[in-house]
Amino acid sequence: MSDQHVIGATPQAPAGDRLAELAAAVQWEGAGTPSPAAPPGEEPAGLLGPVRVVPAAPAQVQLWLAHTLAPSGLLNDRIILRIEGELRTDALRSAAAGVVAAHSALRTVFRFEDDQVRQHVYAGVEDPLVVRDLPAELGGPVDEDTALRVAQEEGSGEFALEHRPPVRMTLVRVREGLQLLVVALHHISSDQDSPRLLLTELSARYRAETGGTAYALPPALGYDALADRLLAELGEAGTDALARHWSGRLQGVGRARPLPLGTATAADSRGGGGSVETAADPAFGEALRRTAAGLRVSVFAFTLAALRVALWQLTGERDLLVASPFGQRHGADADREIGPLISTLALRNPVDPEASFARLVQAERGEVLTAMAYSRLPHGTLAERAALLGLPALPALPDLLFSYEESEPGPVEFAGLPCEALPIGPIGTAFALSVKAVTGADGAPAIRWIHGAYGREPVRALAEGYLELLRRLVDDPGRPVGSLDSPFDAASFPLPAEVPGRGPAREGARPPHSPTEHAVAAVWAELLGIAAVTDAGQNLFELGAHSLSVARAAARLTDEFGVEVLTTDLFVRGTVAEQAELLDELQLSGFDAADEEELAAALDLMERGGASAEGGSR
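Since we're looking at a predicted model, the values are computed, not measured.

Visitor: What exactly am I supposed to notice about the overall build of the protein here?
Guide: Regarding its fold elements, the protein presents 18 helices and 15 strands. Scored against the burial criterion, the 618 residues of the protein give a buried share of 54%. Within the protein, contacts between residues at least 6 apart in sequence are counted, and of these 78% link residues at least 24 apart. With an accessible surface of roughly 25,600 Å², the protein has 52% of that area assigned to carbon and sulfur atoms.

Visitor: Even after reading the chapter, I still don't get the pattern of salt bridges, so can you show me in this structure?
Guide: Two side chains bearing opposite charge may form a pair once their charged atoms approach each other closely. Within the structure shown, the criterion is met by 33 salt bridges. The partner of arginine 88 in a salt bridge is aspartate 90, with the nearest N and O atoms 3.2 Å apart. Accessibility expressed as a relative area gives 40% for arginine 88, which makes it partly exposed. What makes aspartate 90 partly exposed here is its relative accessible area of 48%. The salt bridge partner of arginine 207 is glutamate 413, with a shortest N-O separation of 3.2 Å. Highlighted residues: arginine 207 in helix α6 (residues 194–211) and glutamate 413 in strand β12 (residues 413–414), separated in sequence by 206 residues. Using a relative accessible area of 41% as the deciding quantity, one classes arginine 207 as partly exposed. Residue glutamate 413 is classed as partly exposed on the basis of its relative accessible area of 38%. Within this structure, Arg82, Glu84, Glu144 and Arg175 form a network of salt bridges that share partners.

Visitor: Is there a simple way to think about the nonpolar core in this case?
Guide: Soluble globular proteins tend to bury their nonpolar side chains together. Leu261, Phe302, Phe357, Leu433 and Trp449 are the most contacted members of the largest nonpolar core, which totals 79 residues. Per element, the largest residue contribution to this core is 13 residues, and it comes from helix α9 (residues 299–315). With residues near it in sequence (within four places) discarded, tryptophan 449 still touches Gly274, Ser275, Val276, Thr278, Leu307, Leu433, Ser434, Val435, Val459, Leu462, Ala463 and Tyr466. Counting 34 residues, the second largest nonpolar core, distinct from the first, contains Ala95, Ala96, Leu171 and Leu181.

Visitor: Could you clarify how one ought to interpret the packing of helix α7 (residues 223–249) against helix α12 (residues 379–388) in this entry?
Guide: Interhelical geometry of α7 versus α12 gives an angle of 95° and a closest axis separation of 9 Å. As far as their axial angle goes, α12 and α7 are roughly perpendicular. Only Leu382, Arg385 and Ala386 of α12 make contact with α7, whose side of the interface consists of Glu236, Thr239, Asp240, Leu242, Ala243, Trp246 and Ser247.

Visitor: Explain the pairing of strand β6 (residues 167–175) to me, please; I cannot follow it from the model alone.
Guide: The element β6 is extensively covered by neighbouring structure, given that eight of its nine residues are classed as buried. The pairing of strand β5 (residues 129–133) with β6 spans five bridges and is parallel. Across the sheet, residue valine 131 finds its bridge partner in β6, namely leucine 171. Here β6 runs beside strand β7 (residues 178–185); their pairing, made up of eight bridges, is antiparallel. Bridging across to β7, arginine 168 finds its partner in alanine 184. Linking β6 back to β7 in an antiparallel pair, the connection comprises two residues, with glycine 177 at a positive phi of about 85°.

Visitor: For this particular structure, what's the right way to read unusual backbone geometry?
Guide: Negative phi characterises most residues that are not glycine, and trans characterises most peptide bonds. The omega torsion across glycine 49 and proline 50 is 0°, close enough to zero to call that bond cis. With respect to the helices and strands, proline 50 occurs in strand β1 (residues 47–55). If you check the backbone angles, arginine 296 has positive phi at about 60° while not being a glycine. Looking at where arginine 296 falls in the secondary structure, it is placed in the loop between α8 (282–294) and α9. Residue alanine 415 is not a glycine yet carries a positive backbone phi of 50°. Assignment of secondary structure puts alanine 415 in the loop between β12 and β13 (417–421).

Visitor: I keep staring at the sheet that holds strand β3 (residues 108–113) and nothing clicks. Help me out?
Guide: What holds strands together in a sheet is hydrogen bonding between their backbones, with the strands either parallel or antiparallel. Pairing is antiparallel in the open sheet, where three strands are placed in the order β1-β4-β3. Of all the strands in the sheet, just β1 and β3 have a single pairing partner and so form its edges. On average, each strand axis in the sheet is tilted by 25° relative to the strand beside it, whichever way the strands run. Here β3 runs beside strand β4 (residues 116–125); their pairing, made up of six bridges, is antiparallel. Bridge pairing in β4 links valine 109 to histidine 120.

Conventions used here
Residues numbered from 1 in each chain as written. Predicted model: local features only at pLDDT ≥ 70, side-chain atom pairs only at ≥ 80, totals over all residues. Heavy atoms only, no water. Helix = DSSP H or I, 4+ residues; strand = E, 2+ residues; numbered from the N terminus. Buried < 20%, exposed > 50% of the residue type's maximum accessible area, 1.4 Å probe, protein only. Contact = heavy atoms within 4.5 Å. Areas by Shrake-Rupley, 256 points an atom, 1.4 Å probe, with all protein chains shown as cover. Salt bridge = Lys/Arg side-chain N within 4 Å of Asp/Glu carboxyl O. Core = buried A, V, L, I, M, F, W, Y, C linked by side-chain atoms within 4.5 Å. Axes fitted to C-alpha atoms, helices over the stretch in contact; angles between N-to-C directions. Parallel < 35°, antiparallel > 145°, perpendicular 65-115°, else oblique. Pairing = 2+ DSSP bridges.

Here's what the structure looks like:
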């Protein structure tokens, strides 16, 4: 595998100050023995028993946390195909059922139980295909633009992961001989390759159904079984080795601060989505590839190193981490499986202003290749393992994600019928900013900047400045980085609004003092495995907290205080003092109208009783 093969998976949904931490947090309790039955309660809609209950795989946990904090259908992996010719609904429905039955990730729901994210793997799905006959629904002919809007809405609908399977297939009938096929996968059951695998298998099964032949593709192992096997192959020693590597590699990184890109408004980012795209012509794409090849680096390493230079020029910070997703499709079983076979890791390559860009990009190549060799587990799992081993804590995954891919031509036929891929609509990100570089089929590079927390216009200015800087670096990669003129005008880059829990470090420590602060500190000391939290104002993420420990703290505090504490509440309140203040507010607001009336009556009675007592004493 070359260092270009880095999956640019659709990232996860944003919210508050822990945008990237969400995408990193992972816990693996070991596959163990499956629970004998699902917990009591109604069966999830559309799913058929029996059910196996097993711990979620590391990648699933990080994606579940992203969904829990800020669910958004804009994060779904989607494909919309315009298909000409008649599709047999019965055959397509049977083919869809076969695909779901073959892949455990498509018939699984997720629940947080006993401090653990668990997957409930069902035996099947009642009917995985929805058919929408638009002329019948709307009472007349339908134009293709209207049909596409309907298809995009179907693809971007949110999934209720506790009750519904993470896949939705919809056939939108436009008119006789024309339909749109929509496939939407929640990112907890998908990666960049999964939609293509699903379509390939769906087409093959449809051919078998309509041709009266047997389906010939080899069976899939099942995502849960594959993830279990991969983890078993790694073993305890391998897990420890990965944690030691990353703990050492990321030591000394300062606390990340938000980029000077303003703050997203409702118009900038809907449901975690909002993007700016810049593109160049094929001639520049060829020059970029030729320059990278001359330096013996990939286009991925070249464009990532250029991003580091841009960020250094923008912020003055030389040692900024950048997150990047790495595919884990190794071997025939993985190549056939639908599911999130991916690890997101933090890459480090400090900028030296005195050195040439060529030297920086060659160091980037080494960083990427090393990361690939140590990419079997996501950042959050590594952070938790390092803490268990007593190693120096890993920093939080950065709020910036970078990925690169070489796009492939879209499908031109589905089961022998002519088809073409249509635009899927807006996409979202779980990161403050996600940068995705793509080389098109014609060789032209395009870069999409998906802003989950930042303002659209500052991101646009960054995107345009980056492309200009990239052109300069392609023309002369031998120049010292510090000699490059900056294309960025400081006036275009306002600082973002302060986010709760992410402000500068406080002056002086203050121990917990109220009963609520002491209780919150005790919960966190236990979860973090430390003797005590001695500073009520210290950010808990600096002490080793991560997304899964936040979910656990929310459950613990809910039980102890008798009020509902949401994971999102704790993500945006990063200190003991802030969380204690929240709990006090929740307890005070816990009275409903009847409670308030009873309280008022009791106070009135006390006052009257007190007056009588005073009168009697006189």
